[in-house]
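# Working through the structure, step by step
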Amino acid sequence: MRILLFTVCLIFLIGCSTTPSDRMRFSGTIENPDENRSIRIYRGTTLLKDFPLTQDGKFDDIFEVEEGLAFIVYGSKFKRVYVKNGFNTRFIVDNGDFYNTANLKGDGSDIFALEDDFDELEAQYSDLIIDNPTLEYFESASENYRTEFISILDEHEIDDSTQIDNLVADVDDFISRFRVKIESRVNVKNELQKGDPSPTFVYYENLTGGFSSLSDFRGKYVYIDFWTTWCGPCLKEFPNLKELEADYLNRNIEFLYISLDAPQDHRDDPDRARKAWIDYVEEHELGGVQLFSDKAFDSDFVKDYKIDFIPRYVLIDPDGKIISADAPRPSNPALIDLLNEYGI
């Protein structure tokens, strides 16, 4: 009888710890969790699975998934992950230092370990394209990006042909989406030209609890940064923008930050979106004039400037006319040249 009971228990334990071949098991721990009570896996904007957290930040579940790259998302933080049915993957992270402590064990860990290499290559590619927004340059840089990506896979001996095909397909998709952005930027420069009256906004909420309109800044140059709390490239520019503000203190220019955080980016909750904006600004001690767009990307001002990707920067003169509807970003030396050209 004891042997029978032992056998039944052993079978039960083995059955619970294994992963079905037609499902992926994803488990782990979020140390120091915040108010977000679940961790999610997305592919693009499609939610693949929501994993509720226990009180101590643990999660464990299985789900059916199409093989390929996806994103682990906790709040506004995210990491890439390779998903596949039959995988048993464990993710552990300290929410207090998410990007430096994220650790993935089990299946897919070999690709996860390459994320820093992928991120660095993607950032280099993105920076080059953003600072040189022409279709001719885009074609050349994209081919180099694809070649370098494949060489990373070769160097680290990723030899599963399906994984390689999926990873390269993801790069090709990224390049295709970037092409749309470059084409949009070319169109913006053609349609919103230097000297045209700037589109305007009224009554955007500011951080002091009041409201601001673009006309409030008439008589000054205005440099506008459109951003969100979940946009990595946007946040990456903030140290440069802080430095720029310090260098241009007491000059005739205002620096406006306009958050485009939308409810759908924060569990369809307008209060969460607003709180994410306030919390980020206060935590990182951002300067300038902090504003919250009334309808995020659907705001008339945002649509009039044809903003369909971020970060995006605009420079307006004291008379409310456009200097650049697609101004250089803070880290680009071309911005200083542009400001110097106007004697700011």
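Residues numbered from 1 in each chain as written. Predicted model: local features only at pLDDT ≥ 70, side-chain atom pairs only at ≥ 80, totals over all residues. Heavy atoms only, no water.

## A closer look at the state of the cysteines
Counted according to the given criterion, the structure contains one disulfide. Between the sulfur of cysteine 231 and that of cysteine 234 lies a disulfide, 2.2 Å long from S to S. Since a negative S-S torsion denotes a left-handed disulfide, the cysteine 231-cysteine 234 link at about 80 degrees is right-handed. With respect to burial, cysteine 231 and cysteine 234 carry one shared label: buried. (Disulfide = S-S within 2.5 Å. Buried < 20%, exposed > 50% of the residue type's maximum accessible area, 1.4 Å probe, protein only.)

## Observations concerning the layout of surface pockets
Each pocket or cavity is described by its volume, and for the second largest pocket that value is around 190 Å³. Mapped by element, the contributors of at least two residues to the lining of the second largest pocket are helix H4 (115-131), helix H6 (161-191) and strand E14 (312-316). Among the residues making up the lining of the second largest pocket, the classes are represented as seven nonpolar, two polar and six charged. (1 Å grid on protein atoms, 1.4 Å probe; cavity = no way out; pocket = protein on both sides within 12 Å on 5 of 7 lines; lining within 4 Å. Points joined across faces, edges and corners; volume = space filled by probe spheres on them. Helix = DSSP H or I, 4+ residues; strand = E, 2+ residues; numbered from the N terminus. Nonpolar A, V, L, I, M, F, W, Y, C, P; charged D, E, K, R; others polar.)

## Focus: the side chain of arginine 25
Within the secondary structure layout, arginine 25 lies in strand E1 (residues 24-31). For arginine 25, a relative accessible area of 17% puts it in the buried group. Within the structure, arginine 25 has its side chain in polar contact with the side chain of aspartate 60 (distance 2.6 Å). (Polar contact = N/O pair within 3.5 Å; in protein donor to acceptor, adjacent residues only side chain to side chain.)

## Focus: the packing of H4 against helix H5 (residues 135-155)
At a minimum axis separation of 10 Å, H4 and H5 run at an interaxial angle of 170 degrees. The angle between the axes of H4 and H5 places the two elements in the roughly antiparallel class. Note on element contacts: H5 touches H4 through Tyr137, Phe138, Ala141, Ser142, Tyr145, Glu148, Phe149, Ile152 and Leu153, opposite Asp117, Phe118, Leu121, Glu122, Tyr125, Leu128 and Ile129. Among the residues forming the contact of H4 with H5, the class breakdown is twelve nonpolar, one polar and three charged. (Axes fitted to C-alpha atoms, helices over the stretch in contact; angles between N-to-C directions. Parallel < 35°, antiparallel > 145°, perpendicular 65-115°, else oblique. Contact = heavy atoms within 4.5 Å.)

## As for the pattern of salt bridges
The full count for this structure, using the stated rule, is 23 salt bridges. For arginine 40, the salt bridge is made with aspartate 50, and the minimal N-O distance between the two is 2.7 Å. Highlighted residues: arginine 40 in strand E2 (residues 38-43) and aspartate 50 in strand E3 (residues 46-52), separated in sequence by ten residues. Taken together, the shared-partner salt bridges in this structure form one network comprising Lys79, Arg80, Glu115, Asp119 and Glu122. (Salt bridge = Lys/Arg side-chain N within 4 Å of Asp/Glu carboxyl O.)

## Concerning the packing of aromatic side chains
Under the definition given, this model contains 29 aromatic pairs. On the basis of an interplanar angle of 80 degrees and a centroid distance of 5.8 Å, the ring pair of phenylalanine 71 and phenylalanine 78 is categorised as edge-to-face. Taking relative accessible area as the criterion, phenylalanine 71 reaches 28% and is therefore assigned partly exposed. Three or more aromatic residues link up through ring pairs in this structure, and these residues are Phe26, Phe51, Phe59, Phe63, Phe71, Phe78, Phe91, Phe98, Tyr99 and Phe112. For the cation-ring pair, lysine 181 lies above phenylalanine 178, with the distance from its terminal atom to the ring centre recorded as 5.4 Å. Seen from the ring of tyrosine 248, arginine 251 lies directly overhead, with NZ or CZ sitting 4.5 Å from the centre. (Phe/Tyr/Trp six-rings, centres within 6.5 Å; stacked < 30°, edge-to-face > 60°. Lys NZ or Arg CZ within 6 Å of the ring centre and 35° of its normal.)

## What about empty space enclosed by the protein?
Scanning the entire structure with this criterion turns up one cavity of 30 Å³ or more. Estimated volume of the largest cavity: approximately 40 Å³. Tallying contributions element by element places strand E6 (residues 77-83) first for the lining of the largest cavity, with three residues. Here the lining of the largest cavity is composed, by residue class, of six nonpolar, one polar and two charged.

## Quick notes on unusual backbone geometry
With omega at 5 degrees, the peptide bond leading from isoleucine 310 into proline 311 counts as cis. Structurally, the position occupied by proline 311 is in the loop between helix H10 (300-304) and E14. In the Ramachandran plot, asparagine 32 falls in the positive-phi region, its phi being about 55 degrees despite a non-glycine side chain. The residue asparagine 32 is located in the loop between E1 and E2 in this model. The exposure class of asparagine 32 is exposed, given its relative accessible area of 53%. Positive phi, normally seen in glycine, also occurs at glutamate 285, with a value near 50 degrees. The residue glutamate 285 is located in the loop between helix H9 (270-283) and strand E13 (289-292) in this model. Relative accessible area serves as the criterion here: at 65%, glutamate 285 is assigned to the exposed category.

## Some remarks on the pairing of strand E7 (residues 88-94)
Residues Thr89, Phe91 and Val93 of E7 are buried on one face, while the alternating residues Asn88, Arg90, Ile92 and Asp94, pointing to the opposite face, are not. As defined by bridge partners, E1 adjoins E7 across seven bridges and the pair is classed as parallel. Bridge pairing links threonine 29 to isoleucine 92 in E7. (Pairing = 2+ DSSP bridges.)

## Section: the sheet that holds strand E5 (residues 68-74)
Spatially, the four strands line up as an open sheet ordered E3-E2-E5-E6, and their pairing is antiparallel. The open sheet has two edge strands, E3 and E6, and neither has a second partner. The mean angle between the axes of side-by-side strands here comes to 25 degrees, regardless of whether they run parallel or antiparallel. Pairing of E5 with E6 involves seven bridges; the strand directions are antiparallel. Of the residues in E6, the one forming a bridge with leucine 69 is tyrosine 82.

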